[in-house]
Amino acid sequence: MKIGFIGLGNVGAKLAGSLLRNGFDLTVRDVDQNLTDQFKSSGAKVANSGRELAEQVDLIITSLPSLKVSAEVMEAEDGVLKGLSKNKIWLEMSTTDEAEVKRIGEKVISKNATPLDGPVSGGCHRAATGNIAIFVGGERKAFEKILPVLTVMGRKVLHTGELGTASTLKVITNYLASVHLVALGEAWTVAKKSNLDLEKTFKGIAASSGNSFVHETESQVILNGSYNINFTMDLVLKDTGLFDDLAKKLNAPLEISPKVVEIFKDGQKKYGSRAWSSMIVKRMEDLNNIDFRAKGFPDELIDNEPEEKGYEI
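Residues numbered from 1 in each chain as written. Predicted model: local features only at pLDDT ≥ 70, side-chain atom pairs only at ≥ 80, totals over all residues. Heavy atoms only, no water.

(A) Structural context of the overall build of the protein chain. Per the secondary structure count, the protein chain includes 14 helices and 10 strands. Taken over C-alpha atoms, the radius of gyration comes to 20 Å for the protein chain, in line with the 20 Å a tight globule of 313 residues would show. Split into buried and exposed, the 313 residues of the protein chain put 51% on the buried side. Considering the protein chain, the positive charge centre built from 39 side chains and the negative charge centre built from 42 side chains are found 1 Å apart. (Helix = DSSP H or I, 4+ residues; strand = E, 2+ residues; numbered from the N terminus. Rg over C-alpha atoms; globule rule 2.2 N^0.38 Å. Buried < 20%, exposed > 50% of the residue type's maximum accessible area, 1.4 Å probe, protein only. Lys, Arg positive; Asp, Glu negative; His and termini not counted. Charge placed at Lys NZ, Arg CZ, Asp CG, Glu CD.)

Below, the structure written as structure tokens:
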């Protein structure tokens, strides 16, 4: 199977890297030539447009930063849709919403191709080693056809149902991660002002009912002071906004979600759109004139688990 990958950003480059590392026939596309040159030097082919890429491969994967960019890549005059034909598969791995992936999905179907949405979860450090989780929505037959590809990019792969269900689940999980991160800022504030040993506090939370994936990962770079989680404020705002908008469409009044959106908007205003998302806890550090530093924590997360072939859960 020939694979085309569009979008070589923080996550996309790592997913595409897993494909190349495992011997897949890979063609890449990105607006940053430095990124495509790196893949070319490692054996990948480079396409000059989305249309050219789609014409040359069987599976087209997109991993892009926003709904707007995804739409442009797909619908441009020389975009992916122009190069689609019968039996080709489009896998949208960007974080998007159900309505948008279905809208573009209809156009993919009109080309006799098959649309799937396949967002990932678990952090850039796990994407780098092929150990990230992948949710996939869409036709089961197409899912099974590309499962050997999915199990190279990810460890745990879940078929969530019809097209769009994976994107909805991803938005929910990202919302929960954002809530946990905001809560950690307050937890670390109370721990610091109580004069607790922060290294021991980290271990205590990790061993308790208050533990979370966010604590196990992001607390480490918070305590280091680098905040480097390879994910930025603007992307969190996109994700929390998608969740909040979805709740409004469903006429589901929420209490925590609007406040989380407000907090991240304030964080973006204070520290910038491209600040690491874990810097949201710095609002509490600044407000209380403290810091959450502790010795022995890394400045960037590295996945130490061995790379293993993934499987469907």
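(B) Examining the packing of aromatic side chains more closely. What the rule picks out here adds up to 2 aromatic pairs. Ring geometry for Y175 against F243: centres 3.9 Å apart, planes inclined by 5 degrees, an arrangement best described as stacked. In this pair, Y175 sits in helix α9 (residues 165-193) while F243 sits in helix α12 (residues 233-249), placing the two residues 68 residues apart along the sequence. Each member of the pair, Y175 together with F243, is buried. (Phe/Tyr/Trp six-rings, centres within 6.5 Å; stacked < 30°, edge-to-face > 60°.)

(C) Main features of the packing of α9 against helix α13 (residues 256-271). Between α9 and α13, the shortest axis-to-axis distance is 10 Å and the interhelical angle comes to 65 degrees. By the criterion of interaxial angle, the relationship of α9 to α13 is roughly perpendicular. Both α9 and α13 take part in a crossing whose hand is left-handed. Along the contact surface, α9 presents Y175, S178, V179, L181 and V182, while α13 presents I256, S257, V260, I263 and F264. Grouping the amino acids of the contact of α9 with α13 by side-chain chemistry returns 8 nonpolar, 2 polar and no charged. (Axes fitted to C-alpha atoms, helices over the stretch in contact; angles between N-to-C directions. Parallel < 35°, antiparallel > 145°, perpendicular 65-115°, else oblique. Left-handed = near helix turned anticlockwise from the far one by under 90°. Contact = heavy atoms within 4.5 Å. Nonpolar A, V, L, I, M, F, W, Y, C, P; charged D, E, K, R; others polar.)

(D) Local environment of the nonpolar core. The biggest cluster of nonpolar side chains holds 32 residues, and the ones touching the most others in it are W188, L223, F264 and F292. Mapped by element, the contributors of at least two residues to this core are α9, α10 (198-206), α11 (213-224), α12 and α13. In this structure F264 touches S178, L181, V182, M233, V236, L237, S277 and I280, once residues within four positions along its chain are discounted. Core analysis: the second largest hydrophobic core is formed by 31 residues, F5, L26, A44 and I134 among them. (Core = buried A, V, L, I, M, F, W, Y, C linked by side-chain atoms within 4.5 Å.)

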